[in-house]
Each structure stands twice: as structure tokens, then as C-alpha cells.
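Spelled out, the chains give:
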Amino acid sequence: MPIQTFSRPLLEHVLRQRVRALEPVTLRDGLTVTGLRTVPPGKVTGVRVKNGDGEDEIAADLVVDASGRSSHLPQWLAALGLPSPRTTTVDAQVGYASHTYSYPEGQAPPSWMGVLQPLRAPDFHKGCYAIQIENKALHVTLHGANGTQLPHSDGEFLSFAKTLRGPVADTIASLTPTSAVRRYARTVNRKIAYHRLASWPDGLIALGDSVCTFNPAYGQGMTIAALEARLLEQMLSNRPARTPLDGQAFQKRLARVTASSWLMATTPDRAWDQSRLSWPVRAGNWFMNRLIDTVPHDPQLYTAFSGLFHMTAGPLTLADPRLLSRVLIGPRPGGSPRTTTA
Ligand SMILES: Cc1cc2nc3c(=O)[nH]c(=O)nc-3n(C[C@H](O)[C@H](O)[C@H](O)COP(=O)(O)OP(=O)(O)OC[C@H]3O[C@@H](n4cnc5c(N)ncnc54)[C@H](O)[C@@H]3O)c2cc1C
């Protein structure tokens, strides 16, 4: 699996440049959407916006709510008289602390491009993710689950890293931090069942984190948002000429796009609450842990797992009986490294 590593700001900068370069696209900065513009009986015809001190409206054939985790769509739908959609949350109380480091002049970067040490219930409350990024820098994120205390300062960051196996602590000990320690803890998995609403306004869809957000530790949200954008493109190009997009059908198909990622994120996250483990969660976690333990010893299984993890293949990849039996047999004697470097 070819992987390119870079910082999130660089990715967003490049994407923004590409979007700006699209002929028919105009970006309007500095506006806050405050509500939907509608005509009875509930057709959405645009949005209301706040622009500095002023208010304005923007007309649209189709409004796409892509406003992320803090979307106000449930309240806006309620204002249209629609029932509240069911919201499901699974919170493993995972927190993040990130730091970026630069290499001193003349010091070679590490021999690895990235290190991943995943969290794993019930035993591994701490984990990390470190990657080399642009401008000869190393980005390190430490994870703690189930309310684990996260570092605030450079010293605490190094001390936390030293509690992990693998090369990260030794590597950062000789590097200079180029950022403050940044912490983040809104990692709850949350899914809003818009697809189950009996009625849905014309002229509106919702996608990305505004519908389904995942614990970012699993790195799924951007890929899912991209797959949803592709679904939108397909549905727009396949509809009969001059027919509006069927928003309700879009939300139903979107729910299918998110289903397996939701399962992959919430099954391990539910396992932190050992007192309330249902048997499907128990079985799912047993299987995932066995798979992760076996992957470093089995190139074919690694390839299948990589496809699943990076969403270039669906969950049925693992339904191949030859692969399944190798997971069930488990790793060869000698133990498995919990840290993966690439
Ligand atoms: C710490 C962290 C690490 C992550 N790591 C990964 C990773 O490694 N891989 C991965 O695939 N995903 C990762 N994710 C998830 C990923 O960031 C999200 O899934 C993805 O950004 C969702 O895209 P989106 O467009 O739906 O929402 P967002 O990217 O959140 O964008 C929403 C935009 O809408 C704007 N907005 C909100 N409300 C309004 C309003 N009322 N008016 C105008 N604008 C508004 C916001 O300012 C924002 O620009 C991570 C998330 C976090 C928090």
C-alpha cells in the first residue's frame, strides 16, 4: 500500500487550491450559515448567512450540509417541523496530544516513515502515531483511552512517550519541538439517522462529519467524506435530465457507505466498558485483536487488512476462507510486535 505522509494543513491547502482552480466554483469566505431558507411545505431553497454584522441569504438549487461535527442541522430540521432523527453515540473517551518536531541541522531523519501503536481495550490505554511530514519535521500524536491523562508540556509529552514501546521516545528526545503541545478530546463516535426520517425536505442533503463522525484515532473520516462526495457525483450524473436530486435516497445510500466504518470504529471503542459488553462486541473484538496480532507475520493477510483499513477494499475481503482460517489459527509462536513501523 503506497502511503504519502504530510501534515493536515498541507493537505487542506492543496485541496483548497484545487477547488479554487475549478472553473465554476466560487469560494465565499467569512460567512457563517445561520439557518435554512425555505418555502412551504418544507422545500429548502438556500441558506441564511451572517456576514460580519449583516445578514444575507444565498439561493441554491441544492444545499449540502458539510459543516462537520458542530452541524446545526437537527435544530434547523426541527424548525421545519420535522421529527428529531435518532442520534447514536459511542464514546471511548479517547484524547489526543500532538507535537511537531524538527531535526537539528545535519541530523538524519529516522529510518522509518511512520510508527503506529494502536489503543486496545482492555489493556493498552496508551498509544501513539508518529509520521515524518514536509519540511523535515516529525509529527507525533499520543493517544490515551478511557480518560487517561494526557500531557500538557514538552516534559510530560516525553514522559508519556517513554511509557510506550517502540522507537518514538528515543527519537523525540534529541529533537526540538516546533509547536506547543496541542490537545483534543472530542472523539466520540456519533451517527445521526437522517436516513430513517419518514420525510425529508427537497433541496437538501447532509454528508461528512455532519452525519457520521468517527473517533479520529481510526483515521477514517476524510476517506468516508470523499466516498460520500463520490456518491453525490454518481447520483447527480445518473439522475434523469432536469430532475432534482432525491435527498432522501441520497441519505439512505450514504448510510450504507458509513456502515462498515462505523462498525470498525465502535466495536473496539465499546470494548472499553467491560461491564456492558454484548456478545457481538466481544466476538468482534476478539476477531479484530487476533487479526491485528497475526497481520505482522503474514504478508497476504497484511495486504488484505491494509485494503480494509485504507478502504480500498470492503469488509468481505476477509471473508475468504483461507484468510479467515489464518486469523483463527493466530500468529506463529514468537509473539507479535505491537508497534508497526513503515
Ligand atoms: C484530531 C483529529 C484527527 C483526525 N485524523 C484523521 C485522519 O488521520 N484521517 C481521516 O481520514 N480523518 C481524520 N479526522 C477526521 C476528519 O478530520 C473529518 O472526518 C473530516 O474533516 C470531515 O470533513 P467534513 O467536511 O465533513 O467536516 P469538517 O472538515 O469539520 O469541515 C466543516 C467545515 O464547515 C465549517 N462550518 C461549520 N459550521 C459552519 C457554519 N455554520 N457556517 C459556515 N461554515 C461552517 C467549519 O468551519 C469547517 O471548515 C480527524 C479528525 C480530528 C478531529
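The structure this text deals with has already been given above.
Residues numbered from 1 in each chain as written. Predicted model: local features only at pLDDT ≥ 70, side-chain atom pairs only at ≥ 80, totals over all residues. Heavy atoms only, no water.

### Some points on unusual backbone geometry
Selection rule: Strands are runs of DSSP state E lasting at least two residues, helices are runs of H or I lasting at least four, and both sets are numbered from the N terminus onward. Burial classification: accessible surface area is computed with a 1.4 Å probe over protein chains only, and a residue below 20% of its type maximum counts as buried, one above 50% as exposed, and the rest as partly exposed.
Each neighbour pair has its own omega, and for proline 40 with proline 41 the value is 0°, a cis peptide bond. Checked against the element boundaries, proline 41 lands in the loop between β1 (31–39) and β2 (43–51). Here glutamine 93, not a glycine, exhibits a phi torsion of approximately 50°, which is positive. If you trace the backbone, glutamine 93 turns up in the loop between β5 (87–90) and β6 (95–102). Classification of glutamine 93 by relative accessible area gives partly exposed; the value is 47%. The backbone of methionine 311 sits at a positive phi, close to 60°, despite the residue not being glycine. Mapped onto the elements, methionine 311 comes out in the loop between α8 (299–309) and α9 (321–329). Note on methionine 311: relative accessible area 18%, which makes it buried.

### A few points about the pattern of salt bridges
Just so we agree on the cut-off: Only one rule defines a salt bridge in this text: a Lys or Arg side-chain nitrogen within 4 Å of an Asp or Glu carboxyl oxygen.
Counted by the stated rule, this structure contains eight salt bridges. For arginine 16, the salt bridge goes to aspartate 29, with nearest N and O atoms at 2.9 Å. Linking arginine 16 in helix α1 (residues 8–20) with aspartate 29 in the loop between α1 and β1, this pair joins segments that are 13 residues apart in sequence. Of the charged contacts in the structure, one is a salt bridge between arginine 326 and aspartate 298, with a shortest N-O distance of 2.8 Å. In this pair, arginine 326 is assigned in helix α9 and aspartate 298 in the loop between α7 (279–294) and α8, connecting sequence segments 28 residues apart. Residues joined by salt bridges that share partners form a network here, namely Arg16, Arg20 and Asp29.

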